[in-house]
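This is what each chain is made of:
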Amino acid sequence: MIKVSKTEDGMIFNLSNQKVSYVIQIVDNKFVTNRYFGPALPFFAESRDLDEGHHAFAVYEEGNKFSVSNLPLEYSFSQNGDYRQCSSEVRDADNLPLTFAKYVSYDEEAVHPDNLPQLRSKNGNFLNLYLKDETTSLEVILHYFLLDDLAGLVRWVTYKNTGSKSLNIEKANSLQLDIPDTDLNMLSFYGTHANEFVPSVKPIPDGIEEISSNRGSSSPQHHPFVALIDKHFDLNHGNFVACNLMWSGSFKIGLEKDQSNQIRLNAGINEDNFDWKLEPGTIFNTPQAILLFGQNGLGEMSSLSQQIIKDYVVESRITKPLLTLNTWESAYFDIDEKKSLEAVDQAKEIGANLLVIDDGWFENRNSEDGQLGDWIVDKDKFPNTLQKISDVAHQNKIKFGLWIEPEMITTSSKLFHKHPDWILGINSLRNKLYSRNQLVLDLSKIEVQDHLIEVLSKLIEENQIDYLKWDFNRQLAPTFSQGVSRDVQGKVEYKYVLGLYHILETLRNKYPKLIIENCASGGGRVDAGMLYYTDQTWISDLTDSLGRFRILTNMATLYPLEVFSSHFSKSPNEQDGRILPVETRMILSSLGSLGFELDLDKLSSSEIDMIKELKDWYVDNYYLLHDSICLPLTPLRQNATDTIGVLLKGKSDSLVIYSYGATDAVHQPQYLPLKYLDESRIYYVADRKISGVELNYAGVTIPPVMGDFRVKAIKIFG
Ligand code: DGJ
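Residues numbered from 1 in each chain as written. Predicted model: local features only at pLDDT ≥ 70, side-chain atom pairs only at ≥ 80, totals over all residues. Heavy atoms only, no water.

### Describing the sheet that holds strand β35 (residues 682–685)
Whenever strands of a sheet pair, they do so through backbone hydrogen bonds, lying parallel or antiparallel.
Part 1 of the reasoning: Sheet architecture is open: six strands sit in the order β31-β32-β33-β38-β35-β36, paired in antiparallel fashion. Edge positions in the open sheet fall to β31 (629–632) and β36 (688–691), since each of these has one partner strand only. Direction aside, neighbouring strands of the sheet carry axes that sit 30 degrees apart on average.
Part 2 of the reasoning: Direction of pairing for strand β33 (residues 654–659) relative to strand β38 (residues 711–717): antiparallel, over a ladder of six bridges. Residue pairing across strands places Ser-654 opposite Ile-716, the latter belonging to β38.
Part 3 of the reasoning: Each of β32 (644–649) and β33 is contacted by helix α9 (residues 545–555), which is oriented at about 55 degrees to β32, the strand it contacts most. (Pairing = 2+ DSSP bridges. Helix = DSSP H or I, 4+ residues; strand = E, 2+ residues; numbered from the N terminus. Axes fitted to C-alpha atoms, helices over the stretch in contact; angles between N-to-C directions. Contact = heavy atoms within 4.5 Å.)

Here it is as structure tokens:
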């Protein structure tokens, strides 16, 4: 609910639900300040006064009580005397910087940023604050959407040119939040290919700290997420304010500790390659940013974020267990009709219900050097086309899935020869920049988007495709669009991402049963934006289930199990040579959607029997392994060989999954407090009746085991 009250020199907007309050105050009739973000307030009484002191070096506009250099501002503009990192840089037609848009009015209309991923606003309240710069006729609208039932809200900003001359937006953040507490750490995630989501916790230094991507995609290098956490933050203690940007392109999240020890959080698209010419009468929307608040540590943050993503972002088409058999690590580029038909038999034998033909099915694609862009079935490998495989799969009640990397092109493709101007980059002037031997199609162009929609639609219809694995194996550089004027170049990266969203949205609308898996060499573009348009995510190319379990459990800080896919693969593992028992590989691959990525004919009959048994266990516990909330029982790990425990908390039952990591010679039981169960309830573990209090504090017993990398699953019946 939003309470609005008038003050002597402005207004107060109190956005409160049962869990959280977010209070905005307009002061001096123009400045939009943040006055409170924390546990729900019964009422707001300004217990913290704003700083009215006239400080040395502070800048004041004539007649103003407050200085922009000290106020906790909701959004700040460049060159106006707030020397901290700003949210917005706009120049007018004469190249003069816009210095200040001031508050004019508000409304509570439900508004949605067109063509962008957004919280599906089932329950919540909107507040829109209108700011205006009179000299340039720029309107800046700060949007807020407060969730009804969870301690979260969403912010984004609209720029509107209401004048008669064009403006240039050079920076446009989604949110700014000034926080008066200082003794905080920052939590973020970094990584690389096959080593995604490594946690980083460090003190916020004096000065500026930034995480970003300028790679055209959200990237595994840094995730568009930051949490400000208490120094004593642990699994179930400590305050947090967290921000997750719903954006799949380049981004920047900045933290600045200023001279008066306030911390400014700023998040938005990366302005490095950004310059948006805003023509008269047009608008520009920033992506949405999700803000979270809590007081009970990592477990609460994970639960809150997963719940928001589940309830408001993902609209999954996976309604029952999807058990995949993927051909990549069994055949690589050497896939053909014979192997695909064998894979159908293997899928049948093991009880898988989805066959995915991975890379290598199309013309001139026998290695990473091969062609991309034409998407014509290789007749030598598939003399009866893919239709035959799809038919046989369907006859066996197995869904048919296909790998594709639509955003890419190679110079060996017919498409390149027909449309050399469709690549990002300067085709005729400079050496092209290759990565995995490929170039990137210019998705900022409508004709490229239309072409891809046509090609994909044809493939889907001709082969009755149920499932698309959408891959993206390089990042963007340069981001120059051919044949467009200089003043459009600064729009290319943003328009590329919107082009991608448009294609995905069109396919989803056109094929209401189509399931799309998001993959970018594994977890190279996992973000809340992509989760809005896809059903499943291939989180890492690391198929060593121990390593991937580490990545997955860290990702569960933000995202729910239902979006992750994990594949049981061979041992020794293809990427790191790790040898793991079948049971470990099966159980650790069972979080999310279980799949298989190996030649099952190479396994012994006892291994197959064990796999079948554990597959049945997976199906029986799908409501927990796929649909529950995953809560940490051990700290976030950088290393997979450490012990990792999670509680998969369902509505009544729960499941503990514990990975012992590398063994040592201490053969004594460990005790694992379950922390998050309902303390007023009685549970059963095996046939022992135990109270929620005892399980939360005394915990369950983890018996000693012999050997490296064992796992234990303990069911808690509620
Ligand atoms: C990268 C993906 O993550 C792999 O699973 C596989 O699909 C390859 N690309 C194919 O080129």
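### Some words on the side chain of Ser-659
Part 1 of the reasoning: Along the chain, Ser-659 turns up in strand β33.
Part 2 of the reasoning: Residue classification places Ser-659 among the buried residues on the basis of a relative accessible area of 1%.
Part 3 of the reasoning: If near-sequence neighbours (up to four positions away) are discounted, Ser-659 is found in contact with Leu-546, Phe-549, Leu-588, Asp-642, Thr-643, Ile-644, Arg-710 and Val-711. (Buried < 20%, exposed > 50% of the residue type's maximum accessible area, 1.4 Å probe, protein only.)

### Concerning the pattern of salt bridges
Part 1 of the reasoning: Counted by the stated rule, this structure contains 35 salt bridges.
Part 2 of the reasoning: Of the charged contacts, one joins Glu-74 and Arg-155 as a salt bridge, the two residues approaching to 3.2 Å between their closest N and O atoms. A residue pair is termed long-range when its members are at least 10 positions apart, and Glu-74 in the loop between β4 (31–39) and β5 (88–91) and Arg-155 in strand β9 (residues 152–161) qualify at 81 residues.
Part 3 of the reasoning: For Glu-74, a relative accessible area of 0% puts it in the buried group.
Part 4 of the reasoning: Judged by its relative accessible area of 1%, Arg-155 falls in the buried class. (Salt bridge = Lys/Arg side-chain N within 4 Å of Asp/Glu carboxyl O.)

### Regarding the pairing of β9
Part 1 of the reasoning: Burial of β9 is extensive: nine of the ten residues sit out of reach of the surface.
Part 2 of the reasoning: Bridge count for strand β8 (residues 138–147) against β9 is nine bridges, and the pairing is antiparallel. Paired with Tyr-144 across the bridge in β9 is Arg-155.
Part 3 of the reasoning: Between β8 and β9, which pair antiparallel and follow one another directly, the connecting turn spans four residues.
Part 4 of the reasoning: Alignment of β9 against strand β20 (residues 289–294), held across four bridges, turns out to be antiparallel. Within β20, the position partnered with Gly-152 by the bridge is Leu-292.

### Points about the nonpolar core
Part 1 of the reasoning: Tyr-159 and Trp-361 are the most contacted members of the largest nonpolar core, which has 231 residues in total.
Part 2 of the reasoning: The leading source of residues in this core is helix α7 (residues 492–510), at ten residues. (Core = buried A, V, L, I, M, F, W, Y, C linked by side-chain atoms within 4.5 Å.)

### What to know about the sheet that holds strand β3 (residues 20–27)
Part 1 of the reasoning: Read across the sheet, four strands follow the order β1-β2-β3-β4 without closing on themselves; strand pairing throughout is antiparallel. Strand pairing shows two members of the sheet lacking a second neighbour, β1 (2–7) and β4, which therefore form its edges. The average undirected angle you get between the axes of adjacent strands in this sheet is 15 degrees.
Part 2 of the reasoning: Sheet topology note: the β3/β4 ladder contains eight bridges and is antiparallel. The partner of Ser-21 across the bridge, within β4, is Gly-38.

### Focus on the packing of helix α6 (residues 446–462) against α7
Part 1 of the reasoning: Interaxial distance between α6 and α7 falls to 10 Å at its minimum, and their mutual angle equals 35 degrees. In the packing of α6 onto α7, the handedness of the crossing is right-handed. In contact with Gln-449, Leu-452, Ile-453, Leu-456, Ser-457, Ile-460 and Glu-461 of α6, α7 contributes Gly-499, His-502, Ile-503, Thr-506, Leu-507 and Lys-510.
Part 2 of the reasoning: In terms of residue class, the contact of α6 with α7 is made up of six nonpolar, five polar and two charged. (Left-handed = near helix turned anticlockwise from the far one by under 90°. Nonpolar A, V, L, I, M, F, W, Y, C, P; charged D, E, K, R; others polar.)

### With respect to the site of the ligand
Part 1 of the reasoning: Lining the immediate environment of the ligand, one finds 13 residues, of which Asp-358, Asp-359, Lys-469, Asp-471 and Asp-541 sit closest.
Part 2 of the reasoning: At 2.6 Å from an oxygen atom of the ligand is found a side-chain nitrogen or oxygen belonging to Asp-359.
Part 3 of the reasoning: In the environment of the ligand, an oxygen atom lies 2.3 Å from a nitrogen or oxygen atom belonging to the side chain of Asp-541.
Part 4 of the reasoning: When the ligand is considered free in solution it has 290 Å² of accessible area, and contact with the protein chains removes 98% of it.
Part 5 of the reasoning: Of the residues in the shell around the ligand, the class split is four nonpolar, three polar and six charged. (Near = heavy atom within 4 Å. Polar contact = N/O pair within 3.5 Å; in protein donor to acceptor, adjacent residues only side chain to side chain. Areas by Shrake-Rupley, 256 points an atom, 1.4 Å probe, with all protein chains shown as cover.)

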